[in-house]
Amino acid sequence: MQGNDACCPRPPPQRPRNPSVTWPNLISRTPSAYAYPLLVKQLLHAPLAVDPEQEIIYRGQVRHSYWTMRHRIGQLASGLRSLGIEPGDTVAVMDWDSHRYLEGYFGIPMMGAVLMTVNVRLSPEQIAYTLNHAGARLLIAHADFLPVLASIRDRLETVERFVLVGEDPFPLDSAPLPDGFSAEYEALLAASPPDYAFPDFDENTRATTFYTTGTTGLPKGVYFSHRQIVLHALATMAALTSAPRQGRVHRGDVYMPLTPMFHVHAWGMPYVATALGMKQVYPGRYAADHLLRLMQGERVTFSHGVPTLLHMILSHPDSAAVDLSGLKIIVGGSALPRGLAQAAIERGIDVFTGYGMSETCSILTLAQVKATRPGDAGTELDVRTKTGLPIPLVDLRIVDDEMRDIAHDGRASGEIVVRAPWLTQGYLGNAAESEHLWAGGYLHTNDIGSIDSDGYLQVTDRIKDVIKSGGEWVSSLELEDLISRHAAVSEVAVIGIKDARWGERPLPLIVLRPGRSAEPAEIQEHLRDFVRRGAISKYAIPERVLFVDAIEKTSVGKINKRLLRQKYQAS
């Protein structure tokens, strides 16, 4: 697709079309023809036609068919309408990963309302801010979050009604609802008819809103239309199902998310799994022993999550007794360390990287191995831990500061900018940041990467995390990957700390495997071996290595480098 020394030339940008000029060759429409808007409801047609008795399972305790899910979606919409929700209103959800959340993924947007997925791991103050900023009118909240709601109730400016979610139907005949709650979820559905007439409307209608979990400033709201969600599901489905062998997903798989459903639509995978008619398993609250039981009992074969979750599952004492062979898992949110990938492969797991962000709805690339590449284990591991190949419809570039394309030779690096039909069109209520996000007509990821001659992207760092030492750029992600290959290393994060002589120097923070020990000199010598191989510069060898008990994470399980820099800067 592109040479080793220069990428493909791009045509000059097109001028905007004059709206007063009639565009030639527009198709003519028969008056009775159905225009078929790309609405979320259209994703339900195939599974209901092909396998309506397929199961949707919650915690191994609740088992519904797709027919039942469709019935309940209608009841949810009818119930919300009875509480005054109309098209254009925002309905917020605070729940663990559940069949109820899946019903909300469909029922709320399908009635023309906006689904807001609340990040329950934010601070109470941030939760209140996001609810107010989104203008949520109704909040569906699990009983586990009643203490949080009680602490912020007097600061909620737009929420007018509350619906309670309990693990069992709330005993309305024996106990009143909590103060201010209008209904209990199951009781509301039971009292509501399922035959809600979901209308057609413009496919560019906003379907969802959620908030980024950046480590600086207030969370920013991103939003997506029905058209964007459907196109993302179709493109992701095409990428997964067209793989010749490695990384191939199909309707016979059993799906269970390890990415919270409040976070970027759980990477859009519940929409993909539903459209394909997969058996779906929703675990509720994440706990490693519970996840392992569900994986074994329900024969889960497809999942996705951050490296922390995969590490937690592989290192749990119960893990050795569970057969994980045949599991396909996409790892994203942070770089997939080679050591963790190797440990997963040794357990028979088909592990590979996925890349995206809150602003991209989310998948942009998948690290699937091309059938034409050599099949030796080392090469495959290299590919699986790359950032991946763009999925269909993604226009992805690496550029310099002047938005000029950089050579696709696997060495030159630049900022990753992207276009795709499902990218957020801005930040909610923040015009200035929206323009900055889309400067030059491409969405700016703030990630630095390179592309090799086979088209594989490799993210080398976040712009804010790259370490500049004595004029040399040192990639924290590359160092993390190399250090993770040491047999004693369980987790590692590399941060840049100020240095009077060099400007910045890398500082590895390492959590050791249980029962293993290591000295800083061993880690340094381990890295020197990669210097001798020419993999990294000698300037990347850190003078100091710190062994720590734990590495701080963000609310969605990513390494919190901003907090780590603050914590260890003076050490």
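See the structure printed just above.
About the criteria used
- Residues numbered from 1 in each chain as written.
- Predicted model: local features only at pLDDT ≥ 70, side-chain atom pairs only at ≥ 80, totals over all residues.
- Heavy atoms only, no water.
- Helix = DSSP H or I, 4+ residues; strand = E, 2+ residues; numbered from the N terminus.
- Contact = heavy atoms within 4.5 Å.
- Buried < 20%, exposed > 50% of the residue type's maximum accessible area, 1.4 Å probe, protein only.
- Pairing = 2+ DSSP bridges.
- Phe/Tyr/Trp six-rings, centres within 6.5 Å; stacked < 30°, edge-to-face > 60°.
- Lys NZ or Arg CZ within 6 Å of the ring centre and 35° of its normal.
- Core = buried A, V, L, I, M, F, W, Y, C linked by side-chain atoms within 4.5 Å.
- Salt bridge = Lys/Arg side-chain N within 4 Å of Asp/Glu carboxyl O.
- Axes fitted to C-alpha atoms, helices over the stretch in contact; angles between N-to-C directions.
- 1 Å grid on protein atoms, 1.4 Å probe; cavity = no way out; pocket = protein on both sides within 12 Å on 5 of 7 lines; lining within 4 Å.
- Points joined across faces, edges and corners; volume = space filled by probe spheres on them.
- Nonpolar A, V, L, I, M, F, W, Y, C, P; charged D, E, K, R; others polar.
- Polar contact = N/O pair within 3.5 Å; in protein donor to acceptor, adjacent residues only side chain to side chain.
- Parallel < 35°, antiparallel > 145°, perpendicular 65-115°, else oblique.

Let us now look at the environment of Gly354. Along the chain, the position of Gly354 falls in strand 14 (residues 350-356). Leave out the neighbours within four places in its chain, and Gly354 touches Ile330, Val331, Gly332, Thr365 and Leu366.

Before going further, it helps to examine the pairing of strand 18 (residues 414-419). Across the 6 residues of strand 18, 5 count as buried, placing the element largely inside the fold. The pairing of strand 17 (residues 395-399) with strand 18 spans 5 bridges and is classified as antiparallel. The partner of Asp395 across the bridge, within strand 18, is Arg419. Here strand 18 pairs with strand 19 (residues 443-451) via 4 bridges, running antiparallel. Bridging across to strand 19, Val417 finds its partner in His444.

All right, on to the packing of aromatic side chains then. Here the structure, examined in full by the defined rule, presents 10 aromatic pairs. Each ring, one from Tyr255 and one from Tyr282, has its centre 6.4 Å from the other, and the planes form 80°; the classification is edge-to-face. Taken as a pair, Tyr255 in strand 10 (residues 254-255) and Tyr282 in strand 11 (residues 279-282) lie far apart in primary sequence, 27 residues in all. For Tyr255, a relative accessible area of 0% translates into the label buried. In this structure Tyr282 comes out as buried when scored by relative accessible area, which is 0%. Aromatic rings pair up to connect Tyr101, Tyr105, Phe106 and Tyr271 into one cluster. Stacked on the ring of Phe530, the Lys or Arg Arg533 has its end atom at 4.6 Å from the ring centre.

For the rest of this paragraph, the subject is the nonpolar core. Soluble globular proteins tend to pack their nonpolar side chains together in the buried interior. Membership of the largest hydrophobic core comes to 113 residues, with the highest contact counts inside it found for Met94, Phe106, Leu131, Leu139, Ile140, Met269 and Trp422. In terms of residues, this core owes the most to one element, helix 7 (residues 226-241), which gives 8 residues. Once you skip the residues sitting within four places of it in the chain, Ile140 turns out to touch Leu76, Leu80, Val91, Ala92, Val93, Met94, Val163, Val165 and Tyr185. Judged by nonpolar contacts, the second largest core, of 28 residues, contains Ile57, Leu292, Val300 and Leu310.

Right, let's get into the pattern of salt bridges. Applying the stated rule across the entire model yields 29 salt bridges. The salt bridge involving Glu525 is made with Arg528; its shortest N-O contact spans 3.5 Å. Here Arg528 and Glu525 lie together in helix 16 (residues 520-532), a separation of 3 residues that amounts to about one turn. Overall, the relative accessible area of 34% leaves Arg528 in the partly exposed class. The network of salt bridges with common partners includes Glu55, Arg63, Lys279 and Glu298.

We now examine the sheet that holds strand 23 (residues 489-499). Hydrogen bonds between backbone atoms are what pair the strands of a sheet, whose relative direction is either parallel or antiparallel. Spatially, 3 strands are ordered 23-24-25 in an open sheet, and the strand pairing comes out mixed. Each having just a single partner strand, strand 23 and strand 25 (546-547) make up the two edges of the open sheet. The pairing of strand 24 (residues 503-512) with strand 25 spans 2 bridges and is parallel. The residue bridging Leu509 from the neighbouring strand is Leu546, located in strand 25.

Quick look at the sheet that holds strand 5 (residues 136-142) now. On the basis of which strands lie adjacent, the open sheet formed by 7 strands has the order 7-6-5-3-4-8-9 and mixed pairing. In this open sheet, the two strands that pair with only one neighbour each are strand 7 (181-184) and strand 9 (221-225). Between one strand axis and the next, the sheet turns through 25° on average, direction left out of account. As defined by bridge partners, strand 6 (residues 161-165) adjoins strand 7 across 3 bridges and the pair is classed as parallel.

To continue, consider empty space enclosed by the protein. Applying the stated rule across the entire model yields 4 cavities of 30 Å³ or more. Volume-wise, the largest cavity comes out at about 50 Å³. No other element matches helix 3 (residues 99-110), which puts 3 residues into the lining of the largest cavity. For the lining of the largest cavity, the per-class residue count stands at 6 nonpolar, 1 polar and 2 charged.

With that settled, consider unusual backbone geometry. At the junction of Cys361 and Ser362, the peptide bond is cis and its omega measures out at 20° in the coordinates. Position of Ser362 relative to the elements: it lies in the loop between strand 14 and strand 15 (363-366). One non-glycine residue, His265, lies in the positive phi region at around 55°. Along the chain, His265 falls in helix 8 (residues 264-267). Positive phi outside glycine occurs at Ala266, with the angle close to 50°. Relative to the helices and strands, Ala266 resides in helix 8. Assessed through its relative accessible area of 0%, Ala266 is described here as buried.

In this fold, Thr365 is placed in strand 15. A polar side-chain atom of Thr365 sits 2.6 Å from the main-chain carbonyl oxygen of Thr387.

The relative placement of two packed helices is expressed as an angle between their axes plus a distance between the axes. Between helix 10 (residues 288-297) and helix 11 (residues 307-315), the shortest axis-to-axis distance is 9 Å and the interhelical angle comes to 80°. Judged on the interaxial angle alone, helix 11 and helix 10 are roughly perpendicular. Only Leu309, Met312 and Ile313 of helix 11 make contact with helix 10, whose side of the interface consists of Ala288, Leu291, Leu292 and Met295. Grouping the constituent residues of the contact of helix 10 with helix 11 by class yields 7 nonpolar, no polar and no charged.

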